[in-house]
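Examining the three-dimensional arrangement
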Amino acid sequence: MTHGTLLATARDLGESLSGFLRSAGARRTVVAGDARRGVAMVSELLLLTSGLAPRLVAETVTLAKISSGRVKVSGLEVTTKLDDGGRLRVRVVRDPDWVKATIQETGDADHVAWLREVARERGGTFGRVARAARDERAFYRAVELAYVPPELREGAAPTVPLDLLGEHGALGVFHVHTDWSDGTASLLQMVEAARDAQLTYVGISDHSQAATYAHGLDAARLDAQAKAVDEARARVPGVEIFHGVEVDILADGSLDLDDETLAKLDFVIASVHTRHNMPFAAMTARIVRAVKHPLVTILGHPTGRILGGGKGYTFDLGEVARAATENGTFLEINANAHRLDLSDAHVREAAALGARFAIDPDAHATSGFRDTALGIALARRAALTSKHVLNTLDRDAMKDFLSVRREKGRARLGLAGA
Ligand SMILES: [Zn+2]
Ligand SMILES: [Zn+2]
């Protein structure tokens, strides 16, 4: 799980190599395998291509400089080791076998075995039905199955919800840092990048004061930032800006900013950034207390895992999911390329308990918005529907939702102005 290639890196390499292959004359290329299914750590980056001789593919892989490893040709396959320890395999496919190969090389072994069995039951053979199919959808139709999107092609007979979250399902995102804390771009640049990424709203959430390493904001700087947000609203009318914060969850589960300060903001993300090694029960109590806070909208990167790095903190996810559900707090699917936290297995577990989710890039640079797609892939792997995901709301619905929730929070806390 912790070795291989980051999904974001694998998809980038795959896309770049596809470009090189097409320039070299390939008729078709597709990234298959783990990366197509949206697996967080890709054990083998797999590309299928047609119309090129294996030796030319090998030359192209070398030319593309995507790894310093030796490029080997074996039959119709070209392989090399990637610099991060992962593997690359490019398989040359004959055009008549294209659909068959994409199906075989996208689903996991159990899913493909199940498809073979279903094809047999319908009186055909997998190879014959696949060769007759124009595309993958036609194959699933031919064996009388509902289409299974790549993210769900694992195991036999996966359940595919009719209203599965769409690939472009997030209309806006939260959890965006600027150079007010540890982001590298200005607030204005991040807002413009959100607009350029076709998002209709963006939630700015810099760190709070306890995060001194990130130059976190205290109440006074948050007030000053609110003015900067107002200025950005005037200058970039195409995208709605919500002003929030990523507030630290302190060791006892209380928050790093007072309620009056939090109540001024459009939304609040609460995250654990310190004392990762607290015992299970204490960490559970800490996070449960935070997700029960009337003004906390989203629990940020719930487990704190870093892909290829730290495992994150341990706590009772079920208990946290139940408390969050009861309080109307969303669990984050942190889509940052290095996090993907919660995992798809955790999302399934929490969703079964009624939890709902927010898919956020945790962007620290203008390029960070791209990560949102990784979180969407993860959510689709967990079979989430639009109803499970906060940021499928459109801009007006989101504005209403956040203001109602804040007023309720204020009222529950007995704050003036409710
Ligand atoms: Zn954080
Ligand atoms: Zn963050």
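Please read all numbers here as calculations on a predicted model, not as lab measurements.

About the criteria used
- Residues numbered from 1 in each chain as written.
- Chains lettered and ligands numbered in written order.
- Predicted model: local features only at pLDDT ≥ 70, side-chain atom pairs only at ≥ 80, totals over all residues.
- Heavy atoms only, no water.
- Pairing = 2+ DSSP bridges.
- Helix = DSSP H or I, 4+ residues; strand = E, 2+ residues; numbered from the N terminus.
- Contact = heavy atoms within 4.5 Å.
- Axes fitted to C-alpha atoms, helices over the stretch in contact; angles between N-to-C directions.
- Donors = N, O, S within 2.8 Å, 3.2 Å for Na, K, Ca; no water.
- Tetrahedral: all angles 85-135°; square planar, octahedral: opposite > 155°, others 65-115°.
- Buried < 20%, exposed > 50% of the residue type's maximum accessible area, 1.4 Å probe, protein only.
- Parallel < 35°, antiparallel > 145°, perpendicular 65-115°, else oblique.
- Left-handed = near helix turned anticlockwise from the far one by under 90°.
- Nonpolar A, V, L, I, M, F, W, Y, C, P; charged D, E, K, R; others polar.
- Domains from an automatic or database assignment.
- Salt bridge = Lys/Arg side-chain N within 4 Å of Asp/Glu carboxyl O.
- Arc of directions from axis to C-beta.
- Phe/Tyr/Trp six-rings, centres within 6.5 Å; stacked < 30°, edge-to-face > 60°.

**A few points about the sheet that holds strand S12 (residues 298–299)**
Sheet architecture is open: seven strands sit in the order S8-S9-S10-S11-S12-S13-S14, paired in parallel fashion. Unpaired on one side and paired on the other, strand S8 (172–176) and strand S14 (357–360) mark the two borders of the sheet. Of the strand pairs in this sheet, S8 and strand S9 (residues 201–207) are connected by three bridges, and their pairing is parallel. Residue Val173 lies in a different strand from S9, and its bridge partner there is Val202. Lying over the sheet, helix H15 (residues 395–413) contacts S8, S9, strand S10 (240–248), strand S11 (267–271) and strand S13 (330–334), oriented at roughly 45° with respect to S10.

**Focus on the coordination of the zinc ion (ligand 2)**
Perfect tetrahedral coordination of a metal by four donors corresponds to 109.5 degrees between them, and perfect octahedral coordination by six donors corresponds to 90 or 180 degrees. Coordination of the zinc ion (ligand 2) by the protein comes from His175 (NE2), His177 (NE2), Glu246 (OE) and Asp362 (OD), over a distance range of 2.1 to 2.4 Å. Given four donor atoms and angles of 79 to 162° at the metal, the environment of the zinc ion (ligand 2) is assigned as irregular. All donors to the zinc ion (ligand 2) come from one chain, and their sequence spacing reads H-x1-H-x68-E-x115-D. Metal-to-metal, the separation of the zinc ion (ligand 2) and the zinc ion (ligand 1) is 3.4 Å; Glu246 coordinates the two. Separated by 187 residues along the polypeptide, His175 in strand S8 and Asp362 in the loop between S14 and helix H14 (372–381) bring together distant segments of the chain.

**Details of the coordination of the zinc ion (ligand 1)**
With distances of 2.1 Å, the protein atoms coordinating the zinc ion (ligand 1) are Glu246 (OE), His273 (NE2) and His301 (NE2). In the primary sequence, the donor residues of the zinc ion (ligand 1) line up as E-x26-H-x27-H. In this structure His301 comes out as buried when scored by relative accessible area, which is 1%.

**Some words on the sheet that holds strand S4 (residues 44–50)**
Taking strand neighbours across the sheet as the criterion, the five strands line up as S2-S4-S7-S6-S5 in an open arrangement whose pairing is mixed. Bordering the open sheet on either side are strand S2 (28–32) and strand S5 (72–74), each of which pairs with just one other strand. Taken over all neighbouring pairs, the strand axes of this sheet differ in orientation by 20° on average, direction set aside. Pairing of strand S6 (residues 77–81) with strand S7 (residues 87–92) involves five bridges; the strand directions are antiparallel. Considered in S7, the bridge of Thr79 is made with Arg89.

**Considering the packing of helix H1 (residues 7–23) against helix H3 (residues 54–64)**
Axis separation between H1 and H3 bottoms out at 10 Å; the angle between their running directions is 130°. Relative to H3, the element H1 is oriented oblique. Regarding H1 and H3, the two cross each other, and that crossing is right-handed. Between H1 and H3, the residues in contact are Leu17, Phe20 and Leu21 and Val57, Thr60, Val61, Leu63 and Ala64, respectively. Here the contact of H1 with H3 is composed, by residue class, of seven nonpolar, one polar and no charged.

**Things to note about the environment of Arg339**
Turning to its location among the elements, Arg339 is positioned in the loop between S13 and helix H13 (344–352). For Arg339, a relative accessible area of 17% puts it in the buried group. Along the primary structure Arg339 and Val239 are separated by 100 residues, whereas in three dimensions their C-alpha atoms are 26 Å apart. In contact with Arg339, not counting residues within four places along its chain, are His301, Gly304, Arg305, Ile306, Leu307, Asn334 and Asp362.

**As for helix H8 (residues 187–196)**
The set of residues buried in H8 consists of Leu187, Leu188, Met190, Val191, Ala193 and Ala194. Those residues of H8 that are buried are in contact with S8, S9, helix H9 (219–235) and S10. Once H8 ends, the next one or two residues include Gln198, with phi positive near 70°.

**With respect to the domain arrangement of the protein**
When the parts of a complex come together, some accessible area is lost, and that lost area is often taken as the interface size. Domain assignment breaks the protein into domain 1 (5–152) and domain 2 (172–413). Between the C-alpha centres of domain 1 and domain 2 the distance comes to 35 Å. Taken together, the 13 residues of domain 1 in the interface contact 14 residues of domain 2. Arg370 is paired through a salt bridge with Asp12; the nearest N and O atoms lie 2.9 Å apart.

**Description of H3**
Turning to H3, its buried residues are Pro54, Val57, Ala58, Thr60, Val61 and Ala64. Buried positions in H3, seen along its axis, are confined to an arc of 160° and lie on one side of it. Residues of H3 that are exposed and point over 90 degrees away from its buried face: Arg55 and Leu63. Just past H3, the residue Lys65 takes up positive phi, approximately 55°.

**As for the packing of aromatic side chains**
Under the definition given, this model contains nine aromatic pairs. Residues Phe174 and Phe267 carry aromatic rings whose centres are separated by 4.9 Å and whose planes lie at 65° to one another, so their mutual orientation is edge-to-face. Pair noted here: Phe174 is in strand S8 and Phe267 is in strand S11, with a separation of 93 residues, a long-range link. Across the pair, Phe267 and Phe174 agree in class, each one buried.

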